[in-house]
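One letter stands for each residue in the lines below.
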Amino acid sequence: MSIYDGDMDEGTHWGVSQLLARAAAADLRADERLSFAIDDFFLPDESRLDERLRAALTLALAGLVSAVEGAVRQHAARLLATRDAPELSEILAKADTPIVDRLASAGLLRDTELMRELVGRVRQDVLAEALPVSAPEDPDRASLLARLIQNPDGVVATAAMALLAAESRRHGDPEAMAVRTDLPAELHHRLVWWVAAALRERFAQDAGDFLPILDRALADAAMRSVSTHDEGDRLEASAMRLAAALDSRADELAPLLVETLDDHRLSLFVALIGHALGLDYADAREIVLDPASDRLWLVLRALELGRDSIARIGLALSEADPRRDLDSFAEALDGIAATPSGSARAALAPLLLHPDYRAALLALARGTRS
């Protein structure tokens, strides 16, 4: 039929209706894209993800979902093979279509707590890699973590070894990360059940009459992943245990904090601050990663660090993070160093409130502003 033919059969009518429906959907998508572009344009620079962070976050998110999906899917396939559904087991085991896009399109991955953890983790990794390389004062002296592993205090040595192992799993062993998420327990559990639901949706048609068996297999596999997850093995938990084992006095803390940055052990830097103030790791990390740094300077003064230590920490962080203004820090350094430690502790008091109480206060403040 010519494209200029004026006759319209039922198929053509159907095609027109489909075209109109797609055009209406495209109109909505165009409006959404404009809305997202406007939001992105008016983001302040310090809130915008640069291309490196965006790429790292994309990889981290895909890796987490892939780790959970692989564990749940493979175990469910093994269960199906023993439950009289070998064909479905083979389909499930050999599937190579990742479900991360489905979770994203459903909006599940926009979860605030999950993204707070991932953005913080990625920002910390990027900052740690960018910390300046400092020539050691004593070239023959072992690195900080190596010395701590050899510490005569067995608790310190064990905690240091655990941190080294956790860093290796997080950053240096792709096979280890392929089977674990390293997430807090609640977030891990949430992600596992999202993945199980997405797998059910993906393979429901293949299952046919075996759908109830598929449901049981996926639920059992998810429960296995939930029950075997140990958040105590996380890098963050290991760093906090080492900080607690060191339990540094004020006069020991300053050189230790400086050396952690010289040694690119940003996780231990965060943990030392968290332990010293009684903050959890995520809150301490947020303070350290904040490019404005005002809370960090108060924290360092509350911990009674002197001008030289604060200067070295500020310089290292400013060189590693282009969002930080080194000139402004230099101008403010004398004022920071002159801040009484008692005044700094008083200013930080809201940070030390019960986390749920503080979250409720922040929610109330946001409601007032809106």
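Everything discussed here concerns the structure shown above.
Just so it is clear, the model here is predicted, and its values are computed rather than measured.

Asks: Any chance you could explain the layout of surface pockets here in plain terms?
Replies: Over the atoms a probe the size of a water molecule is rolled, and this reveals where empty space is left. Taken as a whole, the largest pocket holds about 1300 Å³ of empty space. Lining the largest pocket are 31 residues, and of these Ser47, Leu49, Leu57, Met115 and Val119 lie nearest its centre. When contributions to the lining of the largest pocket are tallied by element, the ones reaching two or more residues are helix H1 (10–41), helix H2 (51–81), helix H4 (100–105), helix H5 (112–130) and helix H14 (281–289). Residue contributions to the lining of the largest pocket peak at six residues, all from H5. Its residues assigned to classes, the lining of the largest pocket comprises 14 nonpolar, four polar and 13 charged. In this structure, the second largest pocket encloses a volume near 970 Å³. Along the walls of the second largest pocket sit 26 residues, with Glu113, Arg116, Asp280, Ala282 and Asp283 positioned nearest its centre. Elements with a contribution of two residues or more to the lining of the second largest pocket: H5, helix H9 (185–207), helix H11 (235–246), H14 and helix H19 (355–369).

Asks: Any chance you could explain the packing of aromatic side chains here in plain terms?
Replies: Any pair of aromatic rings gets described here by the distance separating the centres and the angle formed by the planes. A full pass over the atoms with the stated rule returns one aromatic pair. Plain terms: the ring middles of Trp297 and Phe329 are 4.7 Å apart, the flat faces sit at 35° to each other, and that makes the pair tilted. Of this pair, Trp297 sits in helix H15 (residues 294–302) while Phe329 is found in helix H17 (residues 326–338), placing the two residues 32 residues apart along the sequence. Each of the two residues, Trp297 as well as Phe329, counts as buried.

Asks: So what exactly am I meant to see when it comes to the nonpolar core here?
Replies: Most often, soluble globular proteins keep nonpolar side chains buried together rather than apart. Counting 54 residues, the largest nonpolar core has Leu242, Leu257, Ile273, Leu300 and Ile313 as its most contacted members. Contacts of Leu300, omitting those with residues within four sequence positions, involve Leu257, Ile273, Leu305, Ile310 and Ile313. Membership of the second largest hydrophobic core comes to 42 residues, among which are Leu64, Val65, Leu103 and Leu199.

Asks: Quick question: what am I supposed to make of the environment of Arg123 here?
Replies: Looking at the secondary structure, you find Arg123 in helix H5. Relative accessible area serves as the criterion here: at 14%, Arg123 is assigned to the buried category. Put simply, Arg123 and Arg54 are 69 residues apart on the chain and 10.0 Å apart in space, counted from C-alpha to C-alpha.

Cut-offs applied
Residues numbered from 1 in each chain as written. Predicted model: local features only at pLDDT ≥ 70, side-chain atom pairs only at ≥ 80, totals over all residues. Heavy atoms only, no water. 1 Å grid on protein atoms, 1.4 Å probe; cavity = no way out; pocket = protein on both sides within 12 Å on 5 of 7 lines; lining within 4 Å. Points joined across faces, edges and corners; volume = space filled by probe spheres on them. Helix = DSSP H or I, 4+ residues; strand = E, 2+ residues; numbered from the N terminus. Nonpolar A, V, L, I, M, F, W, Y, C, P; charged D, E, K, R; others polar. Phe/Tyr/Trp six-rings, centres within 6.5 Å; stacked < 30°, edge-to-face > 60°. Buried < 20%, exposed > 50% of the residue type's maximum accessible area, 1.4 Å probe, protein only. Core = buried A, V, L, I, M, F, W, Y, C linked by side-chain atoms within 4.5 Å. Contact = heavy atoms within 4.5 Å.

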